[in-house]
Amino acid sequence: MRNQMSPSMFVLVYLILVLNGQSITTIAKARSNVRIVYLGEKPRDDPKLIQDSHHDMLATVVGSKEIASGLMVYSYKHGFSGFAAKLTESQAQQLAELPGVVHVIPNSLHKLQTTRSWDFLGLSPQSPNNILHNSKMGDGVIIGVFDTGIWPESKSFGDDGLGPVPSRWKGICISGDKFNATTNCNKKIIGARSYIDGFLAEYGQPLNSSRDREYLSPRDANGHGTHTASTAGGSFVGNVSFRGLATGTVRGGAPRARLAIYKVCWNILGGQCAAADMLKAFDDAIHDGVDVLSLSIGSSIPLFSDVDERDGIATGSFHAVARGIAVVCGAANDGPSAYTVHNTAPWILSVAASTTDRAFPTPITLGNNKTLLGQALFTGKEIDFTGLVYPESTGLDSTAGSCEALKLDKTSVAGNVVLCFTSMARQISFIASTVVQEAGGVGLIVAKHPRDILTSCVADFPCIEVDYEIGTQILFYIRNPLVKLSPTKTIVGMPVSPKVAYFSSRGPSSIAPAILKPEHEIREFWNFSYQALLDSIMGLCLLLVWERRMEQGYFLQCM
């Protein structure tokens, strides 16, 4: 067991956002001959002896140490004991019956799950008395990130002002395709490894045989890992915006923390992560000396038991937490239905996505000079008064005005703005705007149920989202149609209470409803002590970031 961390150490609990608005938490169960033989806690501290014992055990089933060496994929010897190997069903069964074998785990394939957020949480660097400064902005903390790798050239990973790498760090940077350990690692990125053997055993093809570009190294070809790493521990980068919107200083929750990158997910079929690779990353991360582990990787509903042979994340995280490492996982993006939360093992901190106090109002001015406000990320030139079109249905077809099934007459749409309605959640604005643009339209207004995720459309094409009430007002006006679309503005500090985002998965746990997941709403009395919190919870400094002060207490939300 590691020594308890000092109360001033900042352990990150952070919001996992998906910039493209897509869910990233589905698991596809693989049927292959790769199996993980899990032996539980390691019996001794000598990694070489543990590895040799794994080869000996495998040799008793396959016939010789030479054959065992060729079948071995990984030996887990630092944080726990076990190995991954290429096995027939019969061999896997024989191993499962040997003394000391806890169970044999299939090598399942998992799939992947801002400038304002941290200030909104009350963690402004300008305030000298908040928990961000009390924790020295995470200085000395090492955050391990399991994801798709990292793009080291990003300014978020600069090491200006950072001191030497902590002397307790045992990890390494490994060079590879388009990644140079000497130049791409620094005092911010202090570790970088990649794990692919478990995935390739399932994929059965060369890495770049598909259209998806990948790098056989810690370099990120997907972008998701770079995003999560910068959200957790990115350095300060000033004057950042999205096409001029949301201008500010971007940074991670612990801007002075160090990052250790463990690339376990690969840019194939949307992002694939093998259980055998993740368990090896857990094994190495425990040895390397990380303080926190961040995983934006999930499983599917229905969930199996946390101690079931199918859940490699629960198994690896158990051994990490037992050694004083906080493990933070995404709750998933399968909301708003109940019982959709993933990563529900009680030793994992499951975090949900939250709304903020920032909005992007976009004026829609009708021909009668009435101005309505929608939401968009439109930074192009103003669309002056032009025609407004609603595609009406004819005959038995009732879908013409539906955003997901637009049927447009190019003659009537060319040079005009199109209004459509939808009941679907994600990416509809992007898809519909492409259809409108191809038909010669100059803008799109999407009427939909209010949700917390906003879609950016192609280039500077204006697609403005409104609720059904405003959409209906526009529809009533459309008999004498003229409309003007103005560029988006940014508003921060809206007097609204934070809430769990619409798309974020909800609890309770489908395995054990009595276990409250995700840990996103905790209330304490007004005399809440940060020092008491930092000294509690298994001796770890788990920071529950406060989002809003109430008149008679604190409202806390783990993000």
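Quantities reported herein were computed from a predicted structural model and do not represent experimental measurements. (Residues numbered from 1 in each chain as written. Predicted model: local features only at pLDDT ≥ 70, side-chain atom pairs only at ≥ 80, totals over all residues. Heavy atoms only, no water.)

Draft legend 1. Representation of the overall build of the chain in the model. Per the secondary structure count, the chain includes 14 helices and 27 strands. Counting the 559 residues in the chain, one finds 56% classified as buried. Summing over all exposed atoms, the chain offers an accessible surface of approximately 23500 Å²; the carbon and sulfur share of this is 54%. (Helix = DSSP H or I, 4+ residues; strand = E, 2+ residues; numbered from the N terminus. Buried < 20%, exposed > 50% of the residue type's maximum accessible area, 1.4 Å probe, protein only. Areas by Shrake-Rupley, 256 points an atom, 1.4 Å probe, with all protein chains shown as cover.)

Draft legend 2. Representation of the pattern of salt bridges in the model. Scanning the entire structure with this criterion turns up 13 salt bridges. Its salt-bridge partner being K48, residue D52 comes within 2.9 Å of it at the nearest N-O pair. One end of the pair is D52 and the other is K48, both in helix α1 (residues 47–62) and four residues apart, which spans about a single turn. For D52, a relative accessible area of 29% puts it in the partly exposed group. K48 sits in the exposed class, given a relative accessible area of 53%. (Salt bridge = Lys/Arg side-chain N within 4 Å of Asp/Glu carboxyl O.)

Draft legend 3. Quick peek at the packing of aromatic side chains. Summed over all chains, the structure comprises ten aromatic pairs. On the numbers, 5.1 Å between centres and 75° between planes, the contact of F318 with W347 is edge-to-face. Of this pair, F318 sits in helix α10 (residues 312–322) while W347 sits in the loop between β15 (326–330) and β16 (349–351), and the two are 29 residues apart along the sequence. Note on F318: relative accessible area 40%, which makes it partly exposed. The structure contains a cluster of three or more aromatic residues connected by ring pairs, namely Y38, Y74, Y76 and F80. The ring centre of W151 lies 4.4 Å from the NZ or CZ of R219, which sits over that ring. (Phe/Tyr/Trp six-rings, centres within 6.5 Å; stacked < 30°, edge-to-face > 60°. Lys NZ or Arg CZ within 6 Å of the ring centre and 35° of its normal.)

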